[in-house]
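# Structure at a glance
In case you want the letters, here they are:
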Amino acid sequence: MKRESFNSRLGFILVSAGCAIGIGNVWKFPYLVGQNGGGLFVLIYLVFLALIGVPILSMELAIGRASRKSVVQAYKKLEPAKSQWHLHGWIANIGCILLMMYYTTVSGWMLDYAFRFLTGQFRHVTLMSADGVFAQLLSNPAEMMVAMIVTVIGGFIVCSFGLQKGLEKITKVMMSCLLGLIVLLAIHSLFLKGGMAGLKFYLMPSFKNMMMMTGGLRRVVLSAMSQAFFTLSVGIGAMEIFGSYMSKEESLLQESITIASLDTFVAIVSGLIIFPACFAFGVAPDQGPSLIFVTLPKVFISMPLGRLWGTLFFVFMTFASFSTVMAVFENLIASAMDNFHWSRKKATIIFAIVILVLSTPCTLGYNLLSNITVANKNILEIEDFIVSNILLPLGSLVFLLFCVTKYGWKAENYMAEANLGKGIKVKSWMIPYFRYVLPILIIIVLVQGLF
């Protein structure tokens, strides 16, 4: 079977960036900025994105492009004889499934809120009663299930049409709309009365703000390191598959920087929406995970044309999360096609059923199954902990060691593949950093994430 490929470089960049751009950018990044003192966190985050995220992304793409296979078969093609690197490929596939077991629920929340604002359901909500809207959603198993099912079925329908006619075509439209919406929303927030104070908090590095936060500099650095690491979705093969579809006309470090830049643009502009709005309406910006679903609706309720701006914001959030859902679904389908020789139609139907079944416990974990907890974590928090704190950093460490050690693919082969095409090249002086320093940084992320 002929390997599918992207129709254009723009398609590759938008699909790959769409996989990276998701809840971590527009939900987690803003509240981490708020919790860690603002501008200095942003600056440290950008440094670690360049030091950790971009190199690992280039390695995952290199494995995909050199092999033209999904992750298990990619390892088998590139690994030394009698080695067992490909076992990590199966773990990566499990990681993608586990990610979708809770990501589809959160994506469903975005869709639900977009529908609520669009249909005017927030029209009669007051500042006092706004907190109860999200609680009401979580306690309603039927509404939660419908939102999750629409997300899952919609994602697999898109992927069923193939790479070019399905994922690439829809992602181009969705990402174009996402980028337009986010700029429009940011411009609106910047002109809110009192919004400049929020802009200053967000973009001006301040040691004073940072030291007021619990944990001080150590916490800020570790949080920035972790977010820079997780934002690109590296470690579970979700990006590797797009390397297998891409052309050899551009160098991989160049493409990794482009993807990271687009990912960062969305994260930064998300903050331009949220922080001026929070300061303009006297809402604390350090509210943690509730910032999007509890705090921001209060902002929209308070502002003129709030229904319009609330609808646009949650449509943007839905696009951001759904782009990741579609990208990971494509990875699962492609893996089944490579490993089990299924047709795309068969793989789509089977995985749609599997994901629907496996996503149900998380969706019901706030109501019918709320009594299921481990260490005071509910089902979503347990699944997120396993993926974010274990599988992503551990998987990235395996990809790294495979690419730069003599026991794996070897550094010279990684460099040769990464440097094909025009653009920024991997230099020989970078290899000692990749081999000796980068593993230590990843282990720090892994260890601090466990405690």
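Our structure is the block above this text.
Summary of the structure given here. (Residues numbered from 1 in each chain as written. Predicted model: local features only at pLDDT ≥ 70, side-chain atom pairs only at ≥ 80, totals over all residues. Heavy atoms only, no water.)

## Quick notes on the overall build of the protein chain
Quick note on the threshold: Starting at the N terminus, helices and strands are each numbered in turn, a helix being any DSSP run of H or I of at least four residues and a strand any DSSP run of E of at least two. The atom set for the radius of gyration is the C-alpha atoms, and the globule formula is 2.2 Å times the number of residues raised to the power 0.38. Categorising residues by exposure relies on relative accessible area from a 1.4 Å probe, with only protein chains included: less than 20% of the type maximum marks a residue as buried, more than 50% marks it as exposed, and the intermediate range marks it as partly exposed. Two residues form a contact once any of their heavy atoms are found within 4.5 Å. Every accessible area reported is derived by Shrake-Rupley at a probe size of 1.4 Å, with residue values counting cover from the shown protein chains alone. Positive charges come from Lys and Arg, negative ones from Asp and Glu, while His and the chain ends are left out of the count. Throughout, a charge is located at the NZ atom of Lys, the CZ atom of Arg, the CG atom of Asp or the CD atom of Glu.
Of regular secondary structure, the protein chain possesses 19 helices and zero strands. What you see for the protein chain is a C-alpha radius of gyration of 21 Å, in line with the 22 Å of a compact globule of 451 residues. Relative to its 451 residues, the protein chain shows a buried fraction of 60%. When contacts within the protein chain are restricted to residue pairs at least 6 apart in sequence, long-range pairs at least 24 apart make up 82% of them. Looking at the protein chain as shown, the accessible area adds up to about 17,700 Å², and 70% of this sits on carbon and sulfur atoms. For the protein chain, the distance from the average site of its 33 positive side-chain charges to the average site of its 20 negative ones is 3 Å.

## What about the side chain of His88?
With respect to the secondary-structure elements, His88 resides in helix 5 (residues 87–118). Using a relative accessible area of 10% as the deciding quantity, one classes His88 as buried. For His88, the residues in contact, after removing those within four places along its chain, are Tyr75, Gly235, Gly395, Val398 and Phe399.

## So, unusual backbone geometry
Outside of glycine, negative phi angles account for most residues, and trans bonds account for most peptide bonds. Despite not being glycine, Arg68 shows a phi value in the positive range, around 55 degrees. On the basis of relative accessible area, Arg68 is assigned to the partly exposed category, the value being 27%. The phi dihedral of Ser233 falls on the positive side, at around 60 degrees, and the residue is not glycine.

## Side note on the packing of aromatic side chains
Counted only if it meets this: Under the pairing criterion, centres of Phe, Tyr and Trp rings, with the six-membered ring standing for Trp, must be within 6.5 Å; the plane angle then separates stacked pairs below 30 degrees from edge-to-face pairs above 60, leaving the rest tilted.
Inspection of every chain in the model, using the stated rule, returns 33 aromatic pairs. Considering the side-chain rings of Phe29 and Tyr45, the 5.0 Å spacing of their centres and the 50 degrees angle between planes classify their relative orientation as tilted. A residue pair is termed long-range when its members are at least 10 positions apart, and Phe29 in helix 2 (residues 23–35) and Tyr45 in helix 3 (residues 39–67) qualify at 16 residues. Classification of Phe29 by relative accessible area gives buried; the value is 0%. Connected via pairs of aromatic rings, a cluster forms that spans Trp109, Tyr113, Phe117, Phe122, Phe134, Phe293, Phe300, Phe313, Phe314, Phe316 and Tyr366.

## Considerations on the environment of Asn367
Secondary-structure assignment places Asn367 in the loop between helix 16 (344–363) and helix 17 (379–404). On the basis of relative accessibility, which here comes to 13%, the residue Asn367 falls in the buried class. Residues Asn367 and Leu137, 230 residues apart in the sequence, show an inter-C-alpha distance of 9.7 Å. When near neighbours in sequence (up to four residues on either side) are disregarded, Asn367 contacts Leu138, Ser139, Asn140, Pro141 and Met144.

## So, the side chain of Glu255
In this fold, Glu255 is placed in helix 13 (residues 252–280). Residue class for Glu255 comes out buried when judged on its relative accessible area of 1%. The contacts of Glu255, once residues within four sequence positions are left out, are Arg9, Phe12, Ile13, Met246 and Glu250.

## What to know about the pattern of salt bridges
Keep this limit in mind: Salt bridges are identified by distance alone: a Lys or Arg side-chain nitrogen within 4 Å of an Asp or Glu carboxyl oxygen.
With the rule as written, the count across this model stands at eight salt bridges. Across the pair Arg116 and Asp112 runs a salt bridge whose closest N-O atoms are separated by 2.5 Å. Remark: Asp112 and Arg116 occur in helix 5; sequence separation between them is four residues, near one turn of the helix. Here Arg116 falls in the buried class, since its relative accessible area comes to 7%. When the shortest N-O distance is used, the salt bridge between Arg344 and Glu330 registers 3.0 Å. Note that Arg344 is positioned in helix 16 and Glu330 in helix 15 (residues 306–340), a separation of 14 residues in sequence. In this structure Arg344 comes out as buried when scored by relative accessible area, which is 11%.

## Topic: the nonpolar core
Applicable threshold: Residues belong to a common nonpolar core when they are buried Ala, Val, Leu, Ile, Met, Phe, Trp, Tyr or Cys residues joined through side-chain atoms within 4.5 Å.
Counting 166 residues, the largest nonpolar core has Phe242, Phe313, Phe314, Phe316, Tyr414 and Phe434 as its most contacted members. If one sorts the elements of this core by residue count, helix 15 sits on top with 18 residues. Residues contacting Phe314, with those up to four places away along its chain left out, are Met110, Tyr113, Ala114, Phe117, Ile292, Phe293 and Phe300.

## A word on helix 4 (residues 71–78)
The condition that has to hold: Read the arc as the range of directions from the helix axis to the C-beta atoms.
Listed in full, the buried residues belonging to helix 4 are Val71, Val72, Ala74, Tyr75 and Leu78. Taken down its axis, helix 4 places every buried residue within 165 degrees of arc, on the same side. Of the surrounding elements, those touching the buried residues of helix 4 are helix 3, helix 5, helix 12 (240–245), helix 15 and helix 17.

## Details of the state of the cysteines
For clarity, the cut-off: Pairs of cysteine sulfur atoms within 2.5 Å are identified as disulfides in what follows.
All told, the structure shown has zero disulfides when counted by the stated rule. Free cysteine: Cys159, not disulfide-bonded; nearest cysteine sulfur from Cys19 at 11 Å.

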